[in-house]
Amino acid sequence: MAKFKVEKTDKIDRELFKITYEDNGKTKTRITPQALDVVKVLIYNRDRDAFVLTKQIRAFLYINHPDAATRVELCGGREDKEGLTSEQIAIEEVLEETGYRVDTLEKITTLYTTAKMTLFYVEVDDSMQVNSGGGLDYEDIDILYLPTKDAKEFMFNENISKRPGLMFALCWWFNLRGDK
């Protein structure tokens, strides 16, 4: 296995960094954006027997894949709120994006993509929705209800843009919860 040694990190601007490291005796340099850790929540609505998902435009996808720029995702957001735990941030995101008020979440796992992604799970019912969601003023988030009976077909529908974290969370649900 390669040993990585960061020799130097130069900040190029607010978001891009130059990193030089050793890999199998060769010096390599990469330019990379700084990625913030995120929380994501798989929400299951018991009254509807459906997953509560979000749909929004992701401009960075538009660059290479304009048809995939509108993406279906788990509810979630960046871990950029000082003094709050991952779970507390995730609870706030559930309220902001979907309008459901929840008190606690079950942690599924932590994954590493471009940054750390902490996955949570929560069950809700219609009485827990206290507003229409949709995110903050600068966000334009649509809420989708994916019936569990359609979820496996959805997972493998390549015409729907979705994140790997969503796929993982659905596999977790079907493996540990849904097919009992």
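To keep things clear, this report deals only with the structure shown in the data block. (Residues numbered from 1 in each chain as written. Predicted model: local features only at pLDDT ≥ 70, side-chain atom pairs only at ≥ 80, totals over all residues. Heavy atoms only, no water.)

1. Digging into helix 3 (residues 148-155)
Then, number 1: Residues T148, A151, F154 and M155 constitute the buried set of helix 3. End-on view of helix 3: buried residues confined to an arc of 90°, all on one side of the axis. Projecting away from the buried face of helix 3 at angles above 90 degrees are the exposed residues K149 and E153. (Buried < 20%, exposed > 50% of the residue type's maximum accessible area, 1.4 Å probe, protein only. Helix = DSSP H or I, 4+ residues; strand = E, 2+ residues; numbered from the N terminus. Arc of directions from axis to C-beta.)

2. Observations regarding the packing of aromatic side chains
Then, number 1: For the structure on display, the rule yields six aromatic pairs.
Then, number 2: Ring centres of F51 and F174 lie 6.4 Å apart, and the angle between their planes is 70°; on these two criteria the pair is classed as edge-to-face. One end of the pair, F51, is in strand 5 (residues 50-57); the other, F174, is in helix 4 (residues 164-178), with 123 residues separating them in the sequence.
Then, number 3: Site record: aromatic cluster; members linked through ring pairs are Y44, F51, W173 and F174.
Then, number 4: In this arrangement the basic side chain of R48 is found over the ring face of Y145, its NZ or CZ atom lying 3.9 Å from the centre.
Then, number 5: When the ring centre of F174 is taken as reference, the NZ or CZ atom of K152 above it lies at 4.8 Å. (Phe/Tyr/Trp six-rings, centres within 6.5 Å; stacked < 30°, edge-to-face > 60°. Lys NZ or Arg CZ within 6 Å of the ring centre and 35° of its normal.)

3. A short note on the pattern of salt bridges
Then, number 1: Applying the stated criterion to the full structure yields eleven salt bridges.
Then, number 2: For K40, the salt bridge is made with E73, and the minimal N-O distance between the two is 3.9 Å. Of this pair, K40 sits in strand 4 (residues 38-45) while E73 is found in strand 6 (residues 70-73), placing the two residues 33 residues apart along the sequence.
Then, number 3: Residue classification places K40 among the buried residues on the basis of a relative accessible area of 5%.
Then, number 4: A salt bridge links E93 to K81; its shortest N-O distance comes to 3.7 Å. With a gap of twelve residues between them, E93 in helix 2 (residues 86-98) and K81 in the loop between strand 7 (75-78) and helix 2 connect regions that are remote in the sequence.
Then, number 5: On the basis of relative accessibility, which here comes to 6%, the residue E93 falls in the buried class.
Then, number 6: One network of salt bridges, in which partners are shared, links K40, R58, R71 and E73. (Salt bridge = Lys/Arg side-chain N within 4 Å of Asp/Glu carboxyl O.)

4. With respect to unusual backbone geometry
Then, number 1: The phi angle at N24 is positive, at roughly 50°, despite the residue not being glycine.
Then, number 2: Counting through the fold element by element, N24 comes out in the loop between strand 2 (16-23) and strand 3 (26-33).
Then, number 3: Classification of N24 by relative accessible area gives exposed; the value is 63%.
Then, number 4: In the Ramachandran plot, D49 falls in the positive-phi region, its phi being about 45° despite a non-glycine side chain.
Then, number 5: Mapped onto the elements, D49 comes out in the loop between strand 4 and strand 5.
Then, number 6: Given a relative accessible area of 36%, D49 falls into the partly exposed group.

5. Notes on the nonpolar core
Where a protein is soluble and globular, its nonpolar side chains tend to be buried together.
Then, number 1: In terms of nonpolar packing, the biggest core is built from 21 residues, with L42, F51, L53, F154 and W173 touching the most fellow members.
Then, number 2: Mapped onto this core, the elements with two or more residues apiece are strand 4, strand 5, strand 9 (116-124), helix 3 and helix 4.
Then, number 3: Setting aside anything within four residues of it in sequence, one finds L53 in contact with V72, E73, L74, D142, I143, L144, L146, F154 and L166.
Then, number 4: V39, V52, C75 and I89 belong to the second largest nonpolar core, which has 15 residues in total. (Core = buried A, V, L, I, M, F, W, Y, C linked by side-chain atoms within 4.5 Å. Contact = heavy atoms within 4.5 Å.)

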